[in-house]
Amino acid sequence: MIVEKSNLQSEALETVVIRFVGDSGDGMQLTGTQFTDTSAMFGNDIATFPNYPSEIRAPQGSLFGVSGFQVHIGSVEVSTPGDNLDLLVAMNPASLKTNLYALKPGHTIIVDTDAFNRKNLEKAQYKTNPLEDDTLNNYRVVKVDMTSLTKEALKDIEGLDNKTITRSKNMFALGMVYWMYGRTTEHTIDFFKKKFRKEPHLIDVNTKVLKAGYHFAETLEFIPNAYSVSPAKMPSGTYRVIMGNTATAWGFLAAAEKSGLELFLGSYPITPATDILHELVKHKHFGVKAFQAEDEIAGISSAIGAAFAGDLAITTTSGPGLALKGEALGLAIMMELPIVVVNVQRGGPSTGLPTKTEQSDLFQAMYGRNGESPAIVIAASTPANCFDFAFQAAKLALEHMTPVILLTDGYIANGSAPWKIQSIEDLPEIKNNLVKEGDDNWSPYIRNEQTLARNWAIPGTTGLEHRIGGLEKDSITGNVSHAPENHEIMTKVRAEKVKRVQDVIPEIKTEFATTGDLLVVGWGGTYGSLHSAVKQMNHEGYKNIGLAHFNYINPLPKNIGDLLTKFKKIVVCELNNGQFVNILRMHFTGIEFLQYNKIQGLPFGNSELMEAFKKLIK
Amino acid sequence: MIMETAVENKYTYKDFESDQEVRWCPGCDDYVILRSMQKALPEMGVKKEDVVFVSGIGCSSRFPYYIDTYGMHTIHGRAPAIASGVKLANPSLSVWVATGDGDAMAIGGNHFIHVLRRNIDLNIILFNNEIYGLTKGQFSPTSTVGQKTKSSPYGNTQPPFNPGELALGAGARFYGRISGNSPKDIGQMLIEAHHFKGTALIEVLQNCVIFNDGCYSNVTSKDVKEDKLIYLEHGKPMIFGKDRDKGLVLNNLKLEVVTIGENGITEADILIHDAKEKDPTMHQMLVRLEYPLSTGIIRSYNDLTLEEREAEVTKQVKANSKFTKADDLFFSGETYKVD
Ligand SMILES: Cc1ncc(C[n+]2csc(CCOP(=O)(O)OP(=O)(O)O)c2C)c(N)n1
Ligand code: SF4
Ligand SMILES: [Mg+2]
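Note that the structure is a prediction, hence the values are computed from the model and not measured. (Residues numbered from 1 in each chain as written. Chains lettered and ligands numbered in written order. Predicted model: local features only at pLDDT ≥ 70, side-chain atom pairs only at ≥ 80, totals over all residues. Heavy atoms only, no water.)

### Overview of the overall build of chain B
Reasoning step 1: Each helix and strand counted, chain B has eleven helices and twelve strands in total.
Reasoning step 2: Taking 20 Å as the expected radius of gyration for a compact globule of 339 residues, we find that chain B reaches 22 Å, a close match to that expectation.
Reasoning step 3: Counting all 339 residues of chain B, 56% fall into the buried class.
Reasoning step 4: Summarising the internal contacts of chain B: among those between residues at least 6 apart in sequence, 66% fall at separations of at least 24.
Reasoning step 5: Here chain B has roughly 14,600 Å² of accessible surface; of this, 52% comes from carbon and sulfur atoms.
Reasoning step 6: Side-chain charges in chain B split into 37 positive and 44 negative, and the spacing between the mean points of these groups amounts to 3 Å. (Helix = DSSP H or I, 4+ residues; strand = E, 2+ residues; numbered from the N terminus. Rg over C-alpha atoms; globule rule 2.2 N^0.38 Å. Buried < 20%, exposed > 50% of the residue type's maximum accessible area, 1.4 Å probe, protein only. Contact = heavy atoms within 4.5 Å. Areas by Shrake-Rupley, 256 points an atom, 1.4 Å probe, with all protein chains shown as cover. Lys, Arg positive; Asp, Glu negative; His and termini not counted. Charge placed at Lys NZ, Arg CZ, Asp CG, Glu CD.)

In structure tokens form, the structure reads like this:
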């Protein structure tokens, strides 16, 4: 172990960005999650970004088999996982090679020197060992023979195979990082106790290694305990760390309880949406009916059937699945049934980049169906507010009797953040359009005058037997009608019904500035990146730049026309080739919209955004 | 199983006629099926408001519009999936699917096999006219090789499915086949399907007078019917023929037609139909048989339904869970306070 003795004093930092990288089998996701949870309990604000290969077991040591977990912790608000790293923990050469670019010059790398053998170096396409040449000259390198130290720590436990030993070396790294940031190991040890209840020897193994790493860092005071990120100031309340997909699932649990309806999920597994299915299948104790269907079409179809029968019905998927659901979604629009379709977006088209994030399904959500078929489209913008928007999607569907598409994306779905827990009693009421009786003239197409939502009479209700379907219906009787004027009336009613949602959604507010030189516009999962870039510029003295971030896309909030005219320039930032910008262009013809787009399967970085914005206001 | 409770025979078939004018071609067997259904419903002892008909697209899929219960006319091929959602949402409903050969086995093939595999308590009426009716006469997955249709002017080259074989292969617990010109037998089979717990599939050999007229007449027309069809009944010998003198025996793992009274064959040699047998081997042989064509309830094996299995798991989970309200979950585990 060679570390130049540092003259750094214990540094109090506002935020720190750490990335744990290694082979897919090295347990980096678990390491990252543990560090995240411990930090959240310590009171830090956090944002995370897991980044893993789409192969389940990529060849060991290969460049494409690298798995990483980035976490940003702060004593102030953090809204992104951060772009440049303060600390890189690299468990093998391949992970060093693919991640070094992100480390800030002069900052620290912890490596497992044992993994830098000939074989691994070759697989990482290193001609010479980067620990020995000048590759790392600009960084502070902490070389630890982690595999050997792990073995050493476990030498008293008999009967351990090599695999178990090497697989626990990630806990050695975690222990070291805990010490560096003044964290304790308790939370993780509790975690072992739960996780390995059925294999108690693993509790012992992992605890030993974790503590060994911790004490190693402590004893060899080469590593300055330099970074003390104190707790952040957050609104008071009870918190927990939540992943976006879990928050989405829980938002629907909350909506079901609040509306008094049973929750039905029809779904077919697809990355990165599957975790919502995984979460909801657990909750049979709440009466959740989660149905893993034979394909996405059956997923939405079963949801339509459940909605007809009176459940709060949802279906969850990602881009390719939404494509399959298109026809059935049109049916739900035609039958005016309340369903929610969640699309956790990923890179496309086709199979695209299954594990990477993108915002390229907006047009599909808006227009990807035959005929005039408007749907309500909303988008969550942070891991934690996936909860709010899932709840809101259910509320809008039930109150307006029409399908709602909720867009999230791989970035916020897999990211985690502190969530101030919302109790059911603090959530808004959810009404519905259920009817129990009707007179002789009753028809399923009797509408609420305000919202235009139709009556919802469910099987089992005496006297309200009726038939609905995909054929156009007479606007009054609800019977099949091919009458020309009737089709036009019905088409407009369905559109108007969606438009009237404007009356109940909040107006959009600009942040940081209400007038000025540049308005940054975004929607959905890019909120954290855009917010943090504009905020930083604001700190730097650019008081002339504002941010308008959209969660409601169809319909748009009422007041945006006014807001857009208050800035000299408008730039619409999206992780696609320009979709929302064209929706805005369509609505606001006189206004010029500039674009900033990124289509790399990755979120926006802070510096690239700031650079782009600065150019625009020069 | 549906609540058979205290609904006395207060309904007549008229109670199940909707106010919609029926629009099938005159002479179409679909009328026979519709009327059989309307007449069978009062016999089932189920309340009108507890019945749901779901269909896909096709002539046959217009069915729900004509019955005064709850109903949905949906999209091509998806009715089994939609009906599954209805039934899982509310297992106390009597849920029916009306589908065509194209709807069920071409575009909807996937849903069709999976619904049978899962054994949800639904009843599926398959209107098999060996043609696409609504789109005006293209060959379907049950059209015969050589059949001339609008999309096979020189004769169909695609070998067909035998729906019964497909269904049994997919795990169907109940499968019946019935001629479209026997309203009484159709009605009886509908009632049996209703009482059966699990997915019940009824294939009706339905004549399309316009695009495939007479496709079954060589077996179903009045004069040949008794000689060409066998009507199977559980527990009864497999006997058919105008003179009730033909029967089925097993010979070298094959079904063989014999004549009672010839070669020393007596009634005692004839196979007894066991529809309730778990092993579908004999049922498969029966559905494949070309002469005589087997009709009646070929298979009716009692098994747990998906809803029953789900209910059991849910009961266990509820008994062992500390969660009753969402708040219990939200505030459980690793939470922390910020002041
Ligand atoms: C997605 C889709 N593809 C194609 C069609 C056209 N289409 C309507 S009905 C039908 C075939 C119906 O045949 P079958 O299911 O045998 O019903 P039948 O009319 O014979 O009763 C087709 C191809 C459609 N409505 N939707
Ligand atoms: S086309 Fe054939 S199946 Fe369709 S209604 Fe006419 S006769 Fe019946
Ligand atoms: Mg047909």
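### Let's talk about the overall build of chain A
Reasoning step 1: Counting secondary structure elements, chain A contains 20 helices and 22 strands.
Reasoning step 2: Here the C-alpha radius of gyration of chain A, 27 Å, is about what a compact globule of 618 residues would show, namely 25 Å.
Reasoning step 3: Within chain A, the proportion of its 618 residues that are buried is 64%.
Reasoning step 4: If you take every contact in chain A between residues at least 6 apart in sequence, the share linking residues at least 24 apart comes to 77%.
Reasoning step 5: Computed over 59 positive and 67 negative side-chain charges, the inter-centroid distance for chain A is 2 Å.

### Section: the site of ligand 2
Reasoning step 1: As a matter of local geometry, ligand 2 sits amid Trp 24, Cys 25, Cys 28, Cys 59, Asn 129, Gln 206, Cys 208, Val 209, Ile 210 and Phe 211 of chain B.
Reasoning step 2: In the shell around ligand 2, the residues fall into eight nonpolar, two polar and no charged. (Near = heavy atom within 4 Å. Nonpolar A, V, L, I, M, F, W, Y, C, P; charged D, E, K, R; others polar.)

### Structural notes on the packing of aromatic side chains
Reasoning step 1: Under the definition given, this model contains 29 aromatic pairs over all chains.
Reasoning step 2: With 5.2 Å between their ring centres and 70° between their planes, Tyr 11 of chain B and Phe 16 of chain B make a pair best called edge-to-face.
Reasoning step 3: Here the aromatic cluster, defined as three or more aromatic residues joined through ring pairs, consists of Trp 24, Tyr 31, Phe 53, Phe 63, Tyr 66, Trp 96 and Phe 127 of chain B.
Reasoning step 4: If you follow Arg 183 of chain A out to its NZ or CZ, it ends over the ring of Phe 42 of chain A, 4.2 Å from the centre. (Phe/Tyr/Trp six-rings, centres within 6.5 Å; stacked < 30°, edge-to-face > 60°. Lys NZ or Arg CZ within 6 Å of the ring centre and 35° of its normal.)

### Considerations on the side chain of Ser 95 of chain A
Residue and element names in this part refer to chain A.
Reasoning step 1: With respect to the helices and strands, the residue Ser 95 is situated in helix α2 (residues 93–99).
Reasoning step 2: Looking at Ser 95, its side chain comes within polar contact range of the side chain of Asn 92, at 2.8 Å.
Reasoning step 3: Beyond its immediate sequence surroundings of up to four residues, Ser 95 is in contact with Val 21, Gly 22, Val 66 and Ala 90. (Polar contact = N/O pair within 3.5 Å; in protein donor to acceptor, adjacent residues only side chain to side chain.)

### Notes on the nonpolar core
Reasoning step 1: Of all hydrophobic cores here, the largest spans 168 residues; its most connected members are Ile 304 and Phe 580 of chain A together with Phe 330 of chain B.
Reasoning step 2: The biggest single contributor to this core is helix α14 (residues 386–400) of chain A, with ten residues.
Reasoning step 3: Those residues within four positions of Ile 304 of chain A in sequence are excluded, and the remaining contacts are Ala 328, Leu 331, Ala 332, Met 335, Leu 337 and Ile 339 of chain A together with Met 72 of chain B. (Core = buried A, V, L, I, M, F, W, Y, C linked by side-chain atoms within 4.5 Å.)

### A short note on the domain arrangement of chain A
Residue and element names in this part refer to chain A.
Reasoning step 1: Domain boundaries in chain A define domain 1 (10–229), domain 2 (241–426) and domain 3 (516–617).
Reasoning step 2: Facing 28 residues of domain 2, the contacting portion of domain 3 comprises 24 residues.
Reasoning step 3: Interface of domain 2 and domain 3: buried area, both sides summed, is about 2,100 Å²; carbon and sulfur atoms make up 60% of it.
Reasoning step 4: Together, Gln 359, Leu 362 and Phe 363 form the three largest contributors to the area buried by domain 2 at its contact with domain 3, with a combined 29%.
Reasoning step 5: Applying the counting criterion to the domain 2 and domain 3 interface returns zero salt bridges.
Reasoning step 6: The tally of links between domain 2 and domain 3 comes to 14 residue pairs in polar contact (both at pLDDT 80 or more).
Reasoning step 7: Contributions of two or more residues to the side of domain 2 that touches domain 3 are made by α13 (362–367), β14 (376–379), α14, β15 (404–409) and α15 (410–414).
Reasoning step 8: Here the residues of the side of domain 2 that touches domain 3 sort into 16 nonpolar, eight polar and four charged. (Domains from an automatic or database assignment. Buried area = accessible area lost by both parts, 1.4 Å probe. Salt bridge = Lys/Arg side-chain N within 4 Å of Asp/Glu carboxyl O.)

### Considering the site of ligand 1
Reasoning step 1: Lining the immediate surroundings of ligand 1 are 17 residues, of which Cys 59, Ser 60, Asp 101, Asp 103 and Gly 133 of chain B lie closest.
Reasoning step 2: Taken together, the residues near ligand 1 originate from chains A and B.
Reasoning step 3: Residue Asn 129 of chain B places a side-chain N or O atom 3.0 Å away from an oxygen atom belonging to ligand 1.
Reasoning step 4: Here Ile 131 of chain B contributes a backbone N or O atom positioned 3.1 Å from an oxygen atom of ligand 1.
Reasoning step 5: Considered on its own, ligand 1 offers 580 Å² of accessible surface; in the complex 77% of this is hidden by protein.
Reasoning step 6: Top element by residues in the shell around ligand 1 is helix α3 (residues 101–107) of chain B. It accounts for four residues.

### So, the coordination of the magnesium ion (ligand 3)
Residues and elements named next belong to chain B.
Reasoning step 1: The coordination sphere of the magnesium ion (ligand 3) contains the protein donors Asp 101 (OD), Asn 129 (OD1) and Ile 131 (O), at a distance range of 2.1 to 2.2 Å.
Reasoning step 2: For the magnesium ion (ligand 3), the donor residues sit on a single chain with the sequence spacing D-x27-N-x1-I. With a gap of 30 residues between them, Asp 101 in helix α3 and Ile 131 in the loop between β4 (123–128) and α5 (163–169) connect regions that are remote in the sequence. Just as Asp 101 is buried, Ile 131 falls in that class too. (Donors = N, O, S within 2.8 Å, 3.2 Å for Na, K, Ca; no water.)

### Quick word on the sheet that holds strand β16 (residues 416–420) of chain A
Reasoning step 1: If you walk across this open sheet you meet the three strands as β16(A)-β9(A)-β12(B), and the pairing is antiparallel. Across the chains shown, the open sheet's two edge strands, defined by having one partner strand only, are β16 of chain A together with β12 (335–338) of chain B. Each neighbouring strand pair of the sheet contributes to a mean axis angle of 35°, computed without reference to strand direction.
Reasoning step 2: Relative to β16 of chain A, strand β9 (residues 237–243) of chain A runs antiparallel, the two sharing five bridges. The partner of Arg 240 of chain A across the bridge, within β16 of chain A, is Trp 419 of chain A. (Pairing = 2+ DSSP bridges. Axes fitted to C-alpha atoms, helices over the stretch in contact; angles between N-to-C directions.)

### Concerning the domain arrangement of chain B
Residues and elements named next belong to chain B.
Reasoning step 1: In terms of domain boundaries, chain B breaks down into domain 1 (2–236 + 273–308) and domain 2 (237–272).
Reasoning step 2: If you average the C-alpha positions of domain 1 and of domain 2, the two centres end up 29 Å apart.
Reasoning step 3: Interface area for domain 1 against domain 2, summed over the two sides, is near 1,300 Å², with a carbon-plus-sulfur share of 70%.
Reasoning step 4: Counting the surface domain 1 buries against domain 2, the share from its top three residues, Glu 226, Ile 230 and Met 285, is 30%.
Reasoning step 5: Counting every contact that joins domain 1 to domain 2 gives one salt bridge.
Reasoning step 6: Note that Lys 242 and Asp 227 form a salt bridge whose closest N and O atoms lie 3.4 Å from each other.
Reasoning step 7: Counting across the domain 1 and domain 2 interface gives four residue pairs in polar contact (both at pLDDT 80 or more).
Reasoning step 8: Among the elements of the structure, α8 (222–228), β7 (229–232) and α9 (281–288) are those that each provide at least two residues to the side of domain 1 that touches domain 2.

### Regarding helix α1 (residues 30–44) of chain B
Residue and element names in this part refer to chain B.
Reasoning step 1: Over its 15 residues, α1 extends 21 Å from the first C-alpha to the last, a length consistent with the 21 Å expected when each residue adds 1.5 Å.
Reasoning step 2: Three or more residues of α1 are buried, namely Asp 30, Ile 33, Leu 34, Ser 36, Met 37, Gln 38, Ala 40, Leu 41, Pro 42 and Met 44.
Reasoning step 3: Where α1 is buried, its residues contact β1 (51–55), β3 (94–100), β4, α6 (183–195) and β6 (200–205).
Reasoning step 4: Backbone geometry just after α1 places Gly 45 at a positive phi near 70°. (Expected span 1.5 Å × (residues − 1).)

### So, the environment of Phe 567 of chain A
Residues and elements named next belong to chain A.
Reasoning step 1: Its location among the elements puts Phe 567 in strand β21 (residues 567–574).
Reasoning step 2: C-alpha of Phe 567 to C-alpha of Ile 545: the two residues are 22 residues apart in sequence and 8.4 Å apart in space.
Reasoning step 3: Beyond its immediate sequence surroundings of up to four residues, Phe 567 is in contact with Thr 510, Ala 513, Thr 514, Thr 515, Gly 516, Asp 517, Leu 518, Leu 519 and Gly 546.

### A short note on the interface of chain B and chain A
Reasoning step 1: With 55 residues of chain B at the interface, the matching set in chain A holds 68 residues.
Reasoning step 2: For the chain B and chain A pair, buried surface summed over both sides reaches about 5,100 Å², with 62% attributable to carbon and sulfur atoms.
Reasoning step 3: Inspection of the chain B/chain A interface yields four salt bridges.
Reasoning step 4: On the surface where chain B and chain A come into contact, there are 28 residue pairs in polar contact (both at pLDDT 80 or more).

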